Amino acid sequence: MSKALRTTRHALAAAAATAALALTLAACGSGSGSGSGTDNGSMAGMDHSGTPSASASAGGMTDMPGMNSAATGNGLAEAKDGYRMASPAATLTAGKATGYRFTVTGPDGKPVTAYAVDQTKRMHFYAIRSDLTGFQHVHPAMAENGTWTAPLAALQPGTWRLYASFTPDSGPGKGKDFVLSRTVRVPGMAMTTPLAKASGTTTVDGYTVTVKGDLMAGMAHQLTATVTKDGKPVTDLQPYLDTYAHLTAFHQGDLAFAHLHPETKVDGDHGGPTLTFHAEFARSGNWRLFLQFQTAGRLHTAALTLHVG
């Protein structure tokens, strides 16, 4: 090979290396810039707490399927994508049943009145106190003007978060699942209860519920719940909200919301003993799970604490 040819090849190689380095530096610079934020003002790839989510990938790439948190978000906002949960009530009376009135307004500012049915209901409503006690899951009634009334049982003093889970059946959000929430205060001396230690087993009304799953924040996993009684498998679970069990979870500290979707198909009044759920938890840490199931016409609510890595 001639000296001139070798010199030319060395020059070309050096130019290619320089171009590659420039592209790398440009990519790094764009990744650290002030890109467009999400609807809650956080940067892309960040969860609502402002910390990088486990599903965020380097270089601003989009989340991979099965890695992102549920499309509903963490349920801690009162407004999302133009939809807002509004209520005149900032406090509720302690120790007596009450009707919590609220509306959901759309991007046009008007109350939403058309909702899709999800698990036999147009609206699912949840209440939980800041120490993860007092769980309630009810189904409000809507007036013609779009005002909902949630029938809440007596609340103990403290700060409560109230969640509305729904799917609009018209407008720009049609077919999209939303979970919006607001807080209310219940006046009085609040006696907080320490969160029970993480355990995969709990008992309620004579039934033992065992929950298993290799759970990691920001990733989709399968979770199983097995119901037994007196050491024997339970096989007479009845349908409840078009499923054999309804599973809801709340994160210790910020009360982030997660609804675990059932995968077990309903086939008469003989569900169990093992049920499967599609589980996605947006954050690591302790979550308080509430599993609701029905036997002989009676609804049972089992509560336990699970740790998500």
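This text goes with the structure placed above it.
Residue numbers restart at each chain and count upward from 1, following the sequence in its written direction. In keeping with the model being predicted, local features are shown solely for residues with a pLDDT of at least 70 and side-chain atom pairs are shown and tallied solely at 80 or more, while totals for entire chains, interfaces and linings include all residues. As a rule here, side-chain values come from all non-hydrogen atoms in the structure, and water together with hydrogens is ignored.

A. Spatial organisation of the overall build of the chain. Each helix and strand counted, the chain has 1 helix and 18 strands in total. Exposure is judged per residue with a 1.4 Å probe applied to protein chains only, and the accessible area is read against the type maximum: over 50% gives exposed, under 20% gives buried, and values in between give partly exposed. Classification of the 309 residues of the chain by burial places 38% in the buried group. In the chain, of all internal contacts separated by at least 6 residues, the share reaching a separation of at least 24 is 64%. For the chain, the computed accessible surface area is about 15,800 Å², with 55% contributed by carbon and sulfur atoms. Here a strand is any run of E in DSSP of at least two residues, a helix any run of H or I of at least four, and the numbering for each starts at the N terminus. Residues are treated as being in contact if the distance between any of their heavy atoms lies within 4.5 Å. Where accessible areas are quoted, they stem from the Shrake-Rupley method and a 1.4 Å probe; at the residue level, only the protein chains shown are allowed to cover.

B. Region of interest: the pairing of strand β9 (residues 178-186). Burial of β9 is extensive: 7 of the 9 residues sit out of reach of the surface. One bridge is not enough; two strands pair if DSSP finds at least two bridges between them. In this structure, strand β8 (residues 158-166) lies alongside β9, joined through 9 bridges in antiparallel fashion. When the sheet's bridge partners are listed, L162 is paired in β9 with R182.

C. Just the nonpolar core, in detail. We call a set of buried Ala, Val, Leu, Ile, Met, Phe, Trp, Tyr and Cys residues a nonpolar core when their side-chain atoms join them within 4.5 Å. In terms of nonpolar packing, the biggest core is built from 30 residues, with L223, L260, F277, F281, L289, L291 and F293 touching the most fellow members. The set of elements that each furnish at least two residues to this core consists of β11 (207-212), β12 (220-229), β14 (246-251), β15 (257-262), β16 (274-280), β17 (285-295) and β18 (298-308). Residues L92, L155, L180 and V184 belong to the second largest nonpolar core, which totals 24 residues.

D. Quick look at the pattern of salt bridges. One side-chain nitrogen of Lys or Arg within 4 Å of one carboxyl oxygen of Asp or Glu is enough to make a salt bridge. Scanning the entire structure with this criterion turns up 6 salt bridges. Between D81 and K176 there is a salt bridge, with the nearest N and O atoms lying 2.1 Å from each other. You can see D81 sitting in the loop between β1 (79-80) and β2 (83-86) and its partner K176 sitting in the loop between β8 and β9, a full 95 residues away along the chain. The partly exposed category is assigned to D81, whose relative accessible area is 36%. Across the salt bridge formed by R129 and D131, the nearest N and O atoms sit 2.6 Å from each other. By the burial criterion, R129 is buried, and D131 matches it.

E. Structural detail: the sheet that holds β9. As summarised here, the arrangement of the 4 strands in space is β5-β4-β8-β9, forming an open sheet in which the pairing is antiparallel. With one partner strand each, in any of the chains shown, β5 (136-138) and β9 form the two edges of the open sheet. When strand polarity is set aside, the average angle formed by the axes of neighbouring strands in this sheet is 20 degrees. Bridge count for strand β4 (residues 124-129) against β5 is 3 bridges, and the pairing is antiparallel. Helix axes are fitted only over the stretch in contact, all axes being lines through C-alpha atoms; the angle between N-to-C directions runs from 0 to 180 degrees.

F. Here's a closer look at the sheet that holds strand β3 (residues 98-105). The 5 strands lie next to each other as β1-β2-β3-β7-β6, forming an open sheet whose pairing is antiparallel. Looking along the sheet, the strands with just one partner apiece sit at the ends: β1 and β6 (141-142).

G. Summary view of unusual backbone geometry. Residue P273 is reached from G272 by a cis peptide bond, and omega for that bond is 0 degrees. Backbone geometry at L241 places phi at a positive 55 degrees, although glycine is not the residue there. For L241, the location among the structural elements is in the loop between β13 (232-233) and β14. Taking the relative accessible area as the measure of exposure, L241 reaches 8% and is therefore buried. In this structure, L255 is a non-glycine residue whose phi angle is positive, near 65 degrees. Along the chain, the position of L255 falls in the loop between β14 and β15. On the basis of relative accessible area, L255 is assigned to the buried category, the value being 7%.

H. Structural view of the pairing of strand β7 (residues 147-152). Pairing of β3 with β7 involves 6 bridges; the strand directions are antiparallel. The residue bridging F102 from the neighbouring strand is W148, located in β7. With 2 bridges joining them, β6 and β7 adopt antiparallel strand pairing. Across the sheet, the residue bridging to M142 is W148, located in β7. The loop that links β6 with its antiparallel partner β7 comprises 4 residues; one of these, G146, has a positive phi angle of about 90 degrees.

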